[in-house]
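Tertiary structure, described
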2 protein chains.
Amino acid sequence: MVYTVGEMAKRLGVAPSTLRFYDKEGLLPFVERSEGGIRLFKDADFEWLRIIECLKKTGMPLKDIKEFIMMAMAGDDTIEDRLALIQKQRESVEQKIQELTEIHQVLRFKQWYYETAKTEGTTSVPRSMALEELPEEFREVRKQLRGE
Amino acid sequence: MVYTVGEMAKRLGVAPSTLRFYDKEGLLPFVERSEGGIRLFKDADFEWLRIIECLKKTGMPLKDIKEFIMMAMAGDDTIEDRLALIQKQRESVEQKIQELTEIHQVLRFKQWYYETAKTEGTTSVPRSMALEELPEEFREVRKQLRGE
DNA sequence: TCTTGACTTAAAGATAACTTTAACTTCTAT
DNA sequence: ATAGAAGTTAAAGTTATCTTTAAGTCAAGA
């Protein structure tokens, strides 16, 4: 089964211009062309595009993703480099999850803060509350926010 | 205790130009000035900047963060709106964590894939492996990547 | 064959979030 | 009083990731 750029874009949920842009940037060296110059995406290419999508979601810039694709095109000599890259990216994702988890706790604190403000009619109640008065799970968060 | 823009920037670990930019964009209406026009950051402002930093890390655009700051400046009439905004942002962070967790599993699969390729000397071994041959935890991932 | 919709490229435009530059002012220490 | 570090602004520049536009080409159906 082959797809045009529009069909593949729809399948991936992106704009056709995005795929053309990626191709221009050298991220899609595996895409073949018809006699007339039309891009012909194959099912195997779908998997490449999913990998690109995945790496992009880890926050990897396109030029680094391109490096990865180039290595894959180069063949089995680059297996160790690709492994190292994937490992590094996995660690980076673990860090991001860690950071988001901390941010989540700050937002939970702020939610409590505004819920309290709402029942009391004013933010000055939760704001001026003594450390021991607030739920224990939020004490550390408030200290961090206020700069120790 | 008051701080100049450079001192506060150092305390936060950002460039002074970033704080000036935020101020120009209207995110720092609480910052006062000296007679001569020098910004005077106070300890209470540090907390505001931490909140801005936190919202930024949730992926909120600066113009939305500005809206939040404006509401806070407007006083207790906006408590419910602020609560709603924080709740929405908390949900958004939960979604992001969820998504990153899925991406993490893809990277774990890819790591296994390249580790196997490394011991076998070629990617064709893990690539052409039957679904039942691969670790059960990665079967679903590979199906997703290949498009069912 | 002709029409029409989707394809092609190169180049310009959009957007967010800063950063840099240039010209000038303020503050602090001697 | 003055030097120099750090402050001020407006405006232009940067980077990343696309999107849009313009002018033209390809491919499939009537």
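Everything numeric in this text was worked out from a predicted model, so none of it was measured.

Let's shift gears to the relation of the copies chain A and chain B. With an RMSD of 0.1 Å, the fit of chain A onto chain B corresponds to turning through 180 degrees and sliding 0.0 Å along the axis. The superposition operator between the copies reduces to a two-fold rotation axis. Of the C-alpha atoms belonging to chain A, the one lying closest to the rotation axis is found on Ile97 of chain A, 3.0 Å away. Interface overlap between copies is the fraction of interface residues in one copy that are interface residues in the other; for chain A against chain B it reaches 100%, indicating a shared surface.

For the rest of this paragraph, the subject is the protein's contact with DNA strand C. Around DNA strand C, the surrounding shell holds 19 residues, and the nearest of these are Thr4, Arg20 and Arg39 of chain A together with Thr18 and Tyr22 of chain B. Counting only the atoms of DNA strand C within 4 Å of the protein, the fraction contributed by sugar and phosphate is 84%. The contact in question runs from a phosphate oxygen of DNA strand C to an N or O atom on the side chain of Arg39 of chain A, over 2.7 Å. In the model, a phosphate oxygen of DNA strand C is placed 3.1 Å from a nitrogen or oxygen of the Ser34 of chain B side chain. Of all the secondary structure elements, the ones that give two or more residues to the surface near DNA strand C are helix H1 (5-12) of chain A together with helix H2 (16-24) of chain B. Top contributing element to the surface near DNA strand C by residue count: H2 of chain B, with 4 residues.

We now examine the sheet that holds strand S1 (residues 2-3) of chain B. Residues and elements named next belong to chain B. On the basis of which strands lie adjacent, the open sheet formed by 3 strands has the order S1-S3-S2 and antiparallel pairing. Strands with a single pairing partner mark the edges of an open sheet, and in this sheet they are S1 and strand S2 (32-33). In this structure, S2 lies alongside strand S3 (residues 39-42), joined through 2 bridges in antiparallel fashion. Its bridge partner being in S3, Glu32 is matched across the sheet by Leu40.

Let us now look at the domain arrangement of chain A. Taken domain by domain, chain A comprises domain 1 (1-74) and domain 2 (90-148). Between the C-alpha centres of domain 1 of chain A and domain 2 of chain A there is a distance of 42 Å.

About the thresholds
Residues numbered from 1 in each chain as written. Chains lettered and ligands numbered in written order. Predicted model: local features only at pLDDT ≥ 70, side-chain atom pairs only at ≥ 80, totals over all residues. Heavy atoms only, no water. Least-squares fit on C-alpha atoms with pLDDT ≥ 70 in both. Contact = heavy atoms within 4.5 Å. Near = heavy atom within 4 Å. Polar contact = N/O pair within 3.5 Å; in protein donor to acceptor, adjacent residues only side chain to side chain. Helix = DSSP H or I, 4+ residues; strand = E, 2+ residues; numbered from the N terminus. Pairing = 2+ DSSP bridges. Domains from an automatic or database assignment.

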